[in-house]
Each structure stands twice: as structure tokens, then as C-alpha cells.
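In case you want the letters, here they are:
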Amino acid sequence: MNFSLRPSTDADLDWLLELRADVLRDDLERHGLYDPVRVRRWMSDAFVAANTQIIHVAGADAGCITVRHETDARWIEHFYLPTSLHGQGIGTGALADVLARPDARPFRLMVLQGSPAIRLYERHGFVPHDQDEHDVWMTRPAVLD
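In this report, the structure presented in the accompanying data block is examined. Quick caveat: nothing in here was measured; it's all calculated off a predicted structure.

1. A short note on the overall build of the chain
Consideration 1: Within the chain one finds four helices and seven strands.
Consideration 2: Taking 15 Å as the expected radius of gyration for a compact globule of 145 residues, we find that the chain reaches 15 Å, a close match to that expectation.
Consideration 3: Its C-alpha atoms put the chain at 40 × 40 × 30 Å along the principal axes.
Consideration 4: Looking at the 145 residues of the chain, the share that counts as buried comes to 46%.

2. As for the packing of aromatic side chains
Consideration 1: For the structure shown, the criterion picks out two aromatic pairs.
Consideration 2: With 6.4 Å between their ring centres and 50° between their planes, F79 and Y121 make a pair best called tilted. Linking F79 in strand 4 (residues 74-80) with Y121 in helix 4 (residues 117-123), this pair joins segments that are 42 residues apart in sequence. With respect to burial, F79 and Y121 carry one shared label: buried.
Consideration 3: Aromatic side chains Y121 and F126 sit 5.6 Å apart centroid to centroid with 65° between the ring planes, which places their arrangement in the edge-to-face category. Each member of the pair, Y121 as well as F126, carries the same accessibility label: buried.
Consideration 4: Taken together, the ring pairs connect F79, Y121 and F126 into an aromatic cluster.
Consideration 5: Sitting over the face of the ring of F107, R74 holds its NZ or CZ atom 3.7 Å from the ring centroid.

3. Description of the nonpolar core
Consideration 1: Within the largest apolar cluster, 23 residues are counted, with the highest numbers of intra-cluster contacts made by I76, F79, L95, Y121, F126 and M138.
Consideration 2: Among the elements that line this core, the one with the most residues is helix 3 (residues 90-99), at five residues.
Consideration 3: Those residues within four positions of L95 in sequence are excluded, and the remaining contacts are I65, I76, F79, L120, Y121 and H124.
Consideration 4: In this structure, V39, I54, Y80 and L112 belong to the second largest nonpolar core, which totals 16 residues.

4. Some words on unusual backbone geometry
With the exception of glycine, the majority of residues adopt a negative phi angle, and the majority of peptide bonds are in the trans configuration.
Consideration 1: Backbone geometry at A58 places phi at a positive 50°, although glycine is not the residue there.
Consideration 2: With respect to the element layout, A58 can be found in the loop between strand 2 (52-57) and strand 3 (60-69).
Consideration 3: Although it is not a glycine, H78 sits at a positive phi angle of roughly 50°.
Consideration 4: Among the secondary structure elements, H78 is positioned in strand 4.

5. Thoughts on the side chain of R20
Consideration 1: Structurally, R20 is set in helix 1 (residues 13-30).
Consideration 2: Discounting chain neighbours no more than four positions away, the residues touching R20 are V39, R40, W42, M43, H78 and Y80.

6. A few points about the pairing of strand 4
Consideration 1: Burial runs high along strand 4: seven of the seven residues are buried.
Consideration 2: The sheet contact formed by strand 3 and strand 4 spans five bridges and is antiparallel. From the neighbouring strand, C64 faces strand 4, where its bridge partner is Y80.
Consideration 3: Hairpin connection between strand 3 and strand 4: a loop of four residues separates the two successive antiparallel strands.

7. Some details on the sheet that holds strand 1 (residues 3-7)
Consideration 1: Spatially, seven strands are ordered 1-2-3-4-5-7-6 in an open sheet, and the strand pairing comes out mixed. Looking at strand neighbours, the two that pair on one side only are strand 1 and strand 6 (127-131), the edges of this open sheet. Across the sheet, the mean angle separating the axes of adjacent strands is 30° when strand polarity is ignored.
Consideration 2: Across the sheet, helix 3 is in contact with strand 1, strand 2, strand 3, strand 4, strand 5 (107-112) and strand 7 (135-140); its angle to strand 4 comes to roughly 160°.

What counts and how
Residues numbered from 1 in each chain as written. Predicted model: local features only at pLDDT ≥ 70, side-chain atom pairs only at ≥ 80, totals over all residues. Heavy atoms only, no water. Helix = DSSP H or I, 4+ residues; strand = E, 2+ residues; numbered from the N terminus. Rg over C-alpha atoms; globule rule 2.2 N^0.38 Å. Buried < 20%, exposed > 50% of the residue type's maximum accessible area, 1.4 Å probe, protein only. Phe/Tyr/Trp six-rings, centres within 6.5 Å; stacked < 30°, edge-to-face > 60°. Lys NZ or Arg CZ within 6 Å of the ring centre and 35° of its normal. Core = buried A, V, L, I, M, F, W, Y, C linked by side-chain atoms within 4.5 Å. Contact = heavy atoms within 4.5 Å. Pairing = 2+ DSSP bridges. Axes fitted to C-alpha atoms, helices over the stretch in contact; angles between N-to-C directions.

Structure representation (C-alpha cells):
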């Protein structure tokens, strides 16, 4: 399925908070961590529109992906796509677009233990480098050209 990425604006935040709460609910409940206020607050407190791109599908905003730039790494955060759009190549395409951007810094991310997203990240070269009872931290080497 075709998709495009557009820059986010501050006006996107409210629907992004609802998207996050919906997409993460099952995984967070499985871990006993779902809190309807906290799931929204974490993204709200960290949201920077300039770091976030909106995934646009079939004429509508459908998901998002955020890349936070640190001195030693680029962190993929807030990568959400409704379950109804999984398995159609949209997430794969959006992630591939972000990963193809040349930079000397590696990519890093954190994902919930047992999340199906782990398989997507592994297909794109991410490997686990740490974990705890709830989270897995993954990294991928930099792409230089």
C-alpha cells in the first residue's frame, strides 16, 4: 500500500496521543503497565514536532515515526501505526525511509518485550543489546552513504 511521510506540527499532538494509547494498549496491559494518563503523558512530555513525521495513507493521517537526535545516536521513538494497517508494508517502508538517511550515528530504540515490532526491527538490522522484564533495547549500525 502506498504511503507518504509529512512533517508533524504541534496541531498533530492530540490525535497522536490517542494513537499511542490505542496502539500500545494491548502490549502495556500484557505487562500490567497500562495507565490511560501515563501512556499519553509520556509522549506529550517528549513531543517535538520537528522530530516527528506523520505517516499518511489513503488520503488520511494514519501513524507516526519520531527520530530523536543525540550526539552519539539517533533514537527511533513513537513509531505507531494502527493494527488494521499492519502487514501491508507501510511500517516497513516508513522505517526503511528513516534508516536510509546517511549519518555517522547508529540507530537505537526501545521496544516492549514480546511486541511483534521486534521482528520488524530485526529484519532491518537491529539487534538487542540490553533488556529487562518489560523492555528490549536494540541498536543498528550507522549508514554512511
